[in-house]
Amino acid sequence: MNLSRKALSKTSAIVIVVIAIIAVVGGIGITLTRQPTPSPTTSPTPSPTSPAQTTVVTTPTTAKDTIKVAIGVDLDTVDPHALTTTTVFNVLRHVYEPLVWFDDRGNVIPWLAEKYEVSSDGKVYTFYLRKGVKFHDNTELNAYVVKANFDRWLDPTVKVPQRTQLGPVSKVEVVNNYTLKVYLSEPYSPFLKALGTYLFITSSRVIESFGNKTITDVVGTGPYKFISWEKGKRIVLERNEGYWGEKPILKRIEWLIIPEASTRVAALLAGDVDFAFNLPPTDMDRVKNAKYSVITPISNRIMFIALVPRGPLTDVRVRQALNYAVDVDAIIANVLYGLAVRPNAPLPSHAFGYADMEPYKYDPEKAKQLLREAGYSSGLKLVLMHPTGRYVQDKQVAEAVQAYLSKVGVAVELKTMDWPSFVAELLKPLDQKTYDMVLLGWGPAVADAHFYLYGQFHSSNAPPKGLAAAHYNNPKVDELLDKARSELNESKRAEYYREAIKLIWNDAPWIFLYTQKWFYAASPSLQNYTVHIDGEQVYFTKAYFK
Amino acid sequence: MSLARYLIRRVVQVIPTFVGALFFMFILVRVLPGDPARLIAGPEALEEDVRRIRELLGLNKPLYVQFVDYMVSILRGDLGTSLKFGTPVINEILNRLPYTIALALVAESIALSVALPLGIISALRPRSKATYISSVISLTGSSVPIFWIALIFIYIFSVSLRILPSSGADSPRHIVLPSITLSLLLMGNLTRITRSAVIESLSSNHVLTALAKGLKYRVILIRHVLKNALIPIVTIMGIQIGSLLGGAIVTETVFAWPGIGSLLIDSIFYRDYPLIQGIILFIVLVFIVINIVVDVIYALIDPRIRDVLWRTS
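Residues numbered from 1 in each chain as written. Chains lettered and ligands numbered in written order. Predicted model: local features only at pLDDT ≥ 70, side-chain atom pairs only at ≥ 80, totals over all residues. Heavy atoms only, no water.

Asker: With reference to specific residues and values, describe the overall build of chain A.
Answerer: Helix and strand content of chain A: 17 helices and 23 strands. Scored against the burial criterion, the 546 residues of chain A give a buried share of 56%. Within the structure as shown, chain A displays about 21500 Å² of accessible surface, and the carbon and sulfur contribution to it stands at 53%. (Helix = DSSP H or I, 4+ residues; strand = E, 2+ residues; numbered from the N terminus. Buried < 20%, exposed > 50% of the residue type's maximum accessible area, 1.4 Å probe, protein only. Areas by Shrake-Rupley, 256 points an atom, 1.4 Å probe, with all protein chains shown as cover.)

Asker: Talk me through the sheet that holds strand β14 (residues 340-341) of chain A; I want residue IDs and the actual numbers.
Answerer: All names here are of chain A. One open sheet holds the six strands; their spatial order is β14-β18-β13-β17-β15-β16, and the pairing between them is mixed. Two strands close off the open sheet at either side, each with one partner strand: β14 and β16 (410-417). As judged from the six bridges shared by strand β13 (residues 298-307) and strand β17 (residues 437-442), these two strands associate in the antiparallel manner. Across the sheet, L307 pairs through a bridge with M437, a residue of β17. Relative to the sheet, helix α14 (residues 419-426) contacts β15 (380-387), β16 and β17, its axis offset from that of β15 by approximately 130 degrees. (Pairing = 2+ DSSP bridges. Contact = heavy atoms within 4.5 Å. Axes fitted to C-alpha atoms, helices over the stretch in contact; angles between N-to-C directions.)

Asker: Describe unusual backbone geometry, with residues and values.
Answerer: Residues and elements named next belong to chain A. For the peptide bond that leads from P463 to P464, omega is 10 degrees, which places it in the cis range. With respect to the helices and strands, the residue P464 is situated in the loop between α15 (449-457) and α16 (475-486). Even without being glycine, N138 reaches a positive phi, approximately 75 degrees. Relative to the elements of secondary structure, N138 occurs in the loop between β5 (124-129) and α4 (143-154).

Asker: Please provide a residue-by-residue account of the confidence of the model for chain A, values included.
Answerer: Taken over all residues, the pLDDT of chain A has a mean of 88, while the share at 70 or more is 89%. Here residues 1-61 of chain A is a poorly scored stretch, pLDDT under 50, and it has 55 contacts once near neighbours within four places are set aside; other chains count. (pLDDT = per-residue confidence, 0-100.)

Asker: Break down the interface of chain B and chain A for me, citing the residues and quoting the values.
Answerer: Accessible area lost on assembly of the parts is the figure often given for the size of an interface. With 60 residues of chain B in contact, the opposing surface of chain A contributes 69 residues. Summed over both partners, the interface of chain B with chain A comes to about 5400 Å²; 61% of that surface belongs to carbon and sulfur atoms. Run the count over chain B and chain A and you get five salt bridges. Measuring nitrogen to oxygen at the nearest pair gives 2.3 Å for the salt bridge that ties K231 of chain A to E92 of chain B. Here chain B is connected to chain A by 15 residue pairs in polar contact (both at pLDDT 80 or more). Per-element accounting of the side of chain B that touches chain A gives the leading share, nine residues, to helix α5 (residues 89-124) of chain B. (Buried area = accessible area lost by both parts, 1.4 Å probe. Salt bridge = Lys/Arg side-chain N within 4 Å of Asp/Glu carboxyl O. Polar contact = N/O pair within 3.5 Å; in protein donor to acceptor, adjacent residues only side chain to side chain.)

Asker: Could you give an account of the sheet that holds strand β7 (residues 179-184) of chain A, naming the residues involved and the relevant values?
Answerer: All names here are of chain A. Taking strand neighbours across the sheet as the criterion, the four strands line up as β4-β5-β7-β6 in an open arrangement whose pairing is antiparallel. Each edge of the open sheet is held by one strand with a lone partner, namely β4 (113-118) and β6 (169-176). The average undirected angle you get between the axes of adjacent strands in this sheet is 20 degrees. Bridge count between β6 and β7: six bridges; the pairing is antiparallel. From the neighbouring strand, N176 faces β7, where its bridge partner is T179. Taken strand by strand, α4 contacts β5, β6 and β7, and its axis lies near 170 degrees from that of β6.

Asker: Describe a nonpolar patch on the surface, and please don't skip the residues or the numbers.
Answerer: Residues and elements named next belong to chain B. A contiguous nonpolar patch, built from F23, F24, I27, L28, V31 and L63 and spanning about 580 Å² of accessible area, is present on the exposed surface. Ranked by the residues each element gives to the nonpolar patch, the list is headed by helix α1 (residues 2-31), at five residues. Checked against the element boundaries, L28 lands in helix α1. (Patch = residues over 30% accessible without salt bridge, like charges linked within 9 Å, V, L, I, M, F, W, Y side chains within 5 Å.)

Asker: Lay out the pairing of strand β10 (residues 252-257) of chain A in plain terms, naming residues and giving numbers.
Answerer: Residues and elements named next belong to chain A. Counting buried residues along β10, six of its six residues qualify, which places the element largely inside the surrounding structure. Covered by surrounding structure in β10 are R252, E254 and L256 together with I253, W255 and I257, the residues of both alternating faces. Note that strand β9 (residues 234-239) and β10 share five bridges and pair antiparallel. Opposite V236, over in β10, you have E254 as the bridge partner.

Okay, structure coming up:
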């Protein structure tokens, strides 16, 4: 009995150890077998496995031709008609192309369409397609393919989050193999800009095989081909040797998904990546001191504190007082490390339709005086709701605003929320609100006054229908925004927006804050990357290493 | 034979746990504020598009209909489709699983290979250097934020020394920093448990008897002390591996390690109900399996437990 027990315990101990070893080795084995093709050009030590691309290795003397880029979020989808996130647009714009595109000033230029015409009533757009353009699956771009893309975009059974943003497209007609007409049900002035931003064209083979299901096969006409996507890890693109336009210099782009911003800084400084998106402003000096190129492009995102029109905030004097009470320039310099600019309008100064207004200069005395006039000389109490981790330094900005307002006798209670709960709270109707002010950012993909003002100040977008957080309701502004939406004459359109902005500015439905800037950094040897006009996207189609 | 019967009984017992977990998950994720359709479409999206997406995802159906639909698909072995990614939930989980398993096992092995000797030595020689080292490790591992340790490691080994990659999961070299970081978190607990188990076992009557019999010290230590001390150690290891397989969220995020943890965070962020439910179900399953495995190991180590378990089955 004693003997058998001893023997058993010994065996069992061995079994446990063996199982543990097998499990560990097996675990590593799984990661090893899942290892993708090694990147032959960038690893500092020779790789033990044989490189998959011998063509690259045979020319060791030429400059580095793989770029590694650190991004903070993974792709959520590769369906060309379901994109919503800037980063995802940025990555996939190397693969997919739209019919029209933008020059470096933001003007619409021909792209897959080499020419286009607009009818005098603004309801019919004729596109003449570029000939000889091939998709990565070797099929040809023609009017039927483009129509198939439009049709899928409009198909209500397909998940297209930005469908309405493209405009009121009613039907698409093929005129001949390279010409098609797009009919709008009413004039829509930002149509071409929206088309260049949203509608990426994929091949008809892809559309036929996926139908209304999410597309997972990435086929475009762009300068790079989509090679692989390892979720949570990386996206690999390779140069399209048959590209119709100017061929890229770099052969391969690897987008590495690194969620933590501090790790992206470390990866850049360690030489693991050549370019890093969205870095923490607190690390700017360190990156500069290490001689990396610092890029601070201006984003499309306007930041503001929307004032909910109830209680004391229905009084315009109180709303203006709050604007005079906050020193926005000091917040930009001290809380945001300079990563913002202050426009004098409720939209970024690079957006179409921007009009400069008289700024609310920091003047606490004037704020106090306005509050006295409004009958709040003994102060008042307000609740400020803000998200955390959504915008650069969001919590810190809310705290700074709280401090400034307390100086003029406005006691602010902060209400911090995670993003999903925050959005749910925002969408509640006016009578169910649990806050008076809310810190919010608004960043349409198209830098045009329509997308800023319509989304935030047209009464039809007030919660619970939309996210027009200030519940702004001004029939005059509604009328101006509607007129501008269908006005094709750009200078007339700009004039409508100027009038609307003037009304909004004086009404002060927001504490007007700033336009967000980003902080990106690149290895000093990387040259000639392109910062897109909207400032958030960076393209590597012309980049090279010196 | 008896082992097989025991396992069958345990598996049958698991079913109500599973159904209960399903039900609670289903309710809990929907009680959270936040509308998946709005989160998927983005804040700038227009109401009409958001409403359409809600309909396409079936989120406009009454809750009980959604629950019945979900149960039916679960019974067919289908975890559903991710709202955000539009892909089968099971694929999303399986994509991440190998990374999570590798990280959990390597970290646990490192922790064990340090904690076991350290715990034993500090139990036997309370005033030795090993005891001080072990209490420093225990204290550090359980009190310093893992996030901070991770960043310090990256700065030392990747940025300054440039001997290990800062992030990613391409080669065995990539697992070194995350697994060591994670093992620090586990080591403290494991050392403490080992130490106290050995001390307790040392003072027990049968060890006293063995000593009185004049058995060799080494024999007593291995055969009588350690074997008895293994039970709490195995328990704590089971719990540790279980929670690691549920995703080491912080470590995975800092080192950009594409495991279950970062997937879970994303799915909660988008209120991706089927994906959250799928991952939680997976975690429930892992804990159930590990519990059974731990019980079986108990039985292998300790014949008294074996007798009790087998007999009641």
